[in-house]
Amino acid sequence: MNVFYKRKGLLLFLLPGLLGIVLFYLLPFVAGAFLSFTNAGGHLQFTGLQNYVYIWRHPLFLLGFQNSVIFSILCAPLAWILGFLLAQMLHAKIRNINGIRKSILIPYIMPSSTIMLIWLLLFAFGGPINRLIAAFGGSPVSFLSGTAIRIPVVILFVWKNLGYVTLVFLGAMQSVPSSLYEYAKLEGANFIQRALFVTLPGILPTCFLLLILTWVNSLKIFRELYFLGGSYPSQEIYSLQNYMINSIRQMQYQNSLAAAYSFAVVIMLFFSLLFILQEKALKSMEGEVLY
């Protein structure tokens, strides 16, 4: 009976949070999925896959989808790799790097508008970056137009998220026994070998989780892209969110919902693949340990 009352009391404490999840997340998600299969008129009519067929044939949706995928492929792995290496250096207590620990989260907590103003000044045609390029004998690059506009966006994402990724990696590395590093050093393993064959296998679940979180963050880079190009930016940075917002402004809500749920399905399939790879990697490691 005591266990029953404890569980009942626990459910009472959880009930407000569960109601919030149902009202503000679950119900809108289900309602949005239903509306994506209806028409855009005043009287809702079920149209089947018509909205989905329309957007997958729309050039702007395909352009936004392509650019969103490109940015995630460029940003997420780069931030993940650099964060892992920086965390490994901090964990190994390499000289002249511990000062980074105190300031590593500053970019993550800075307002996006402030960061974008700094970035516009840095990458302007006559800004410090182009002056530095010219000082080394190169030609100035128009970073804020054309294909080159992707470079400051990728650098911005990595710079802003590197601290968060590094600290999560650093926390996970505390669980790796120091005796393994000492043994690796005795065997002559260098920094890269210790990182790949000691640290990485020891924090593999955290690596996969952090890769997923970093990938999710890379899909939320729209604020920076919108600040650079507005509602209709150049085709190099036209994102899926641009298409959805413009569809809403044109009162094509069903098309915007169809775009959102299409992208959500693709992302869920991709993350499912990552989880499958994680399970196989963990089973492979367990088999090697048993052997």
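As the structure is a computational prediction, the values presented were derived from the model and not from experiment. (Residues numbered from 1 in each chain as written. Predicted model: local features only at pLDDT ≥ 70, side-chain atom pairs only at ≥ 80, totals over all residues. Heavy atoms only, no water.)

**Looking at the overall build of the protein chain**
- The number of helices and strands found in the protein chain is 14 helices and 0 strands.
- Element order for the protein chain, N to C, with α for helix and β for strand: α-α-α-α-α-α-α-α-α-α-α-α-α-α.
- Per-residue burial for the protein chain yields a buried fraction of 36% across its 291 residues.
- Pairs at least 24 residues apart make up 69% of the contacts formed inside the protein chain by residues separated by at least 6 positions.
- When the accessible surface of the protein chain is split by element, carbon and sulfur atoms take 71% of a total near 17800 Å². (Helix = DSSP H or I, 4+ residues; strand = E, 2+ residues; numbered from the N terminus. Buried < 20%, exposed > 50% of the residue type's maximum accessible area, 1.4 Å probe, protein only. Contact = heavy atoms within 4.5 Å. Areas by Shrake-Rupley, 256 points an atom, 1.4 Å probe, with all protein chains shown as cover.)

**Notes on the packing of aromatic side chains**
- Summed over all chains, the structure comprises 16 aromatic pairs.
- Taking 4.9 Å as the distance between ring centres and 80 degrees as the angle between the ring planes, the aromatic pair formed by Trp56 and Phe61 counts as edge-to-face.
- Accessibility expressed as a relative area gives 35% for Trp56, which makes it partly exposed.
- In this structure Phe61 comes out as buried when scored by relative accessible area, which is 0%. (Phe/Tyr/Trp six-rings, centres within 6.5 Å; stacked < 30°, edge-to-face > 60°.)

**Some points on the nonpolar core**
- Ranked by internal contacts, the top residues of the largest apolar core, which has 41 residues, are Phe61, Phe169 and Ile203.
- Elements with a minimum of two residues in this core: α2 (50-56), α3 (59-91), α8 (150-173), α9 (178-186), α10 (191-202), α11 (204-218), α13 (240-249) and α14 (253-290).
- With 8 residues, α3 is the single largest residue contributor to this core.
- Residue contacts for Phe169: discarding those within four places in its chain leaves Trp80, Gly83, Phe84, Ala87, Ile203, Cys207 and Leu210.
- Counting 11 residues, the second largest nonpolar core, distinct from the first, contains Phe71, Ala79, Phe157 and Leu225. (Core = buried A, V, L, I, M, F, W, Y, C linked by side-chain atoms within 4.5 Å.)

**Here's the deal with the confidence of the model for the protein chain**
- Summing up the model confidence of the protein chain, the mean pLDDT is 82 and the portion of residues at 70 or higher is 90%.
- The secondary-structure element of the protein chain with the lowest mean pLDDT is helix α4 (residues 100-103), recorded at 68, while α2 shows the highest, at 92. (pLDDT = per-residue confidence, 0-100.)

**Some words on the environment of Ile155**
- Within the secondary structure layout, Ile155 lies in helix α8.
- Considering only alpha carbons, one finds Ile155 and Leu78, 77 residues apart in sequence, at a separation of 9.5 Å.
- In this view, Ile155 contacts Trp119 and Phe123; residues no more than four positions away in its chain are not counted.

**Things to note about the side chain of Arg194**
- One can find Arg194 in helix α10.
- Despite its burial, Arg194 pairs with no opposite charge; the closest candidate is Glu182, at 11 Å N-O.
- Leave out the neighbours within four places in its chain, and Arg194 touches Gln88, Tyr181, Ala184, Lys185, Ala189 and Thr199. (Lys, Arg positive; Asp, Glu negative; His and termini not counted. Salt bridge = Lys/Arg side-chain N within 4 Å of Asp/Glu carboxyl O.)

**Comments concerning the environment of Leu74**
- Mapped onto the elements, Leu74 comes out in helix α3.
- Each C-alpha atom, one on Leu74 and one on Phe157, is 9.9 Å from the other, the two residues being 83 residues apart in sequence.

**Observations concerning unusual backbone geometry**
- Positive phi outside glycine occurs at Met251, with the angle close to 60 degrees.
- With respect to the element layout, Met251 can be found in the loop between α13 and α14.
- Using a relative accessible area of 57% as the deciding quantity, one classes Met251 as exposed.

**Regarding the side chain of Asn51**
- Within the secondary structure layout, Asn51 lies in helix α2.
- When neighbours within four sequence positions are excluded, Asn51 is seen to be in contact with Leu35, Ser36, Phe37, Thr38, Gln254, Asn255 and Ala258.

**A word on the packing of α3 against α8**
- Packing of α3 against α8 brings their axes to within 6 Å, and their N-to-C directions diverge by 40 degrees. What the angle tells us is that α3 and α8 run oblique. Regarding α3 and α8, the two cross each other, and that crossing is right-handed.
- Counted by class, the contact of α3 with α8 contains 22 nonpolar, 5 polar and 1 charged residues. (Axes fitted to C-alpha atoms, helices over the stretch in contact; angles between N-to-C directions. Parallel < 35°, antiparallel > 145°, perpendicular 65-115°, else oblique. Left-handed = near helix turned anticlockwise from the far one by under 90°. Nonpolar A, V, L, I, M, F, W, Y, C, P; charged D, E, K, R; others polar.)

**A word on α3**
- Helix length check: α3, at 33 residues, gives a terminal C-alpha distance of 48 Å against a target of 48 Å (1.5 Å per residue), a fit within 8%.
- Taken from the residues just after α3, Lys93 is the one with a positive phi, measuring 60 degrees. (Expected span 1.5 Å × (residues − 1).)

**Quick look at the packing of α3 against α11**
- In contact at an axis separation of 9 Å, α3 and α11 are set at 140 degrees when each is read in the N-to-C sense. The angle between the axes of α3 and α11 places the two elements in the oblique class. Remark: the crossing between α3 and α11 carries right-handed chirality. Together, Ser72, Ile73, Cys75, Ala76, Pro77, Ala79 and Trp80 of α3 and Cys207, Leu210, Leu211, Thr214, Trp215 and Ser218 of α11 make up the contact between the two elements.
- Considered class by class, the residues forming the contact of α3 with α11 number 10 nonpolar, 3 polar and no charged.

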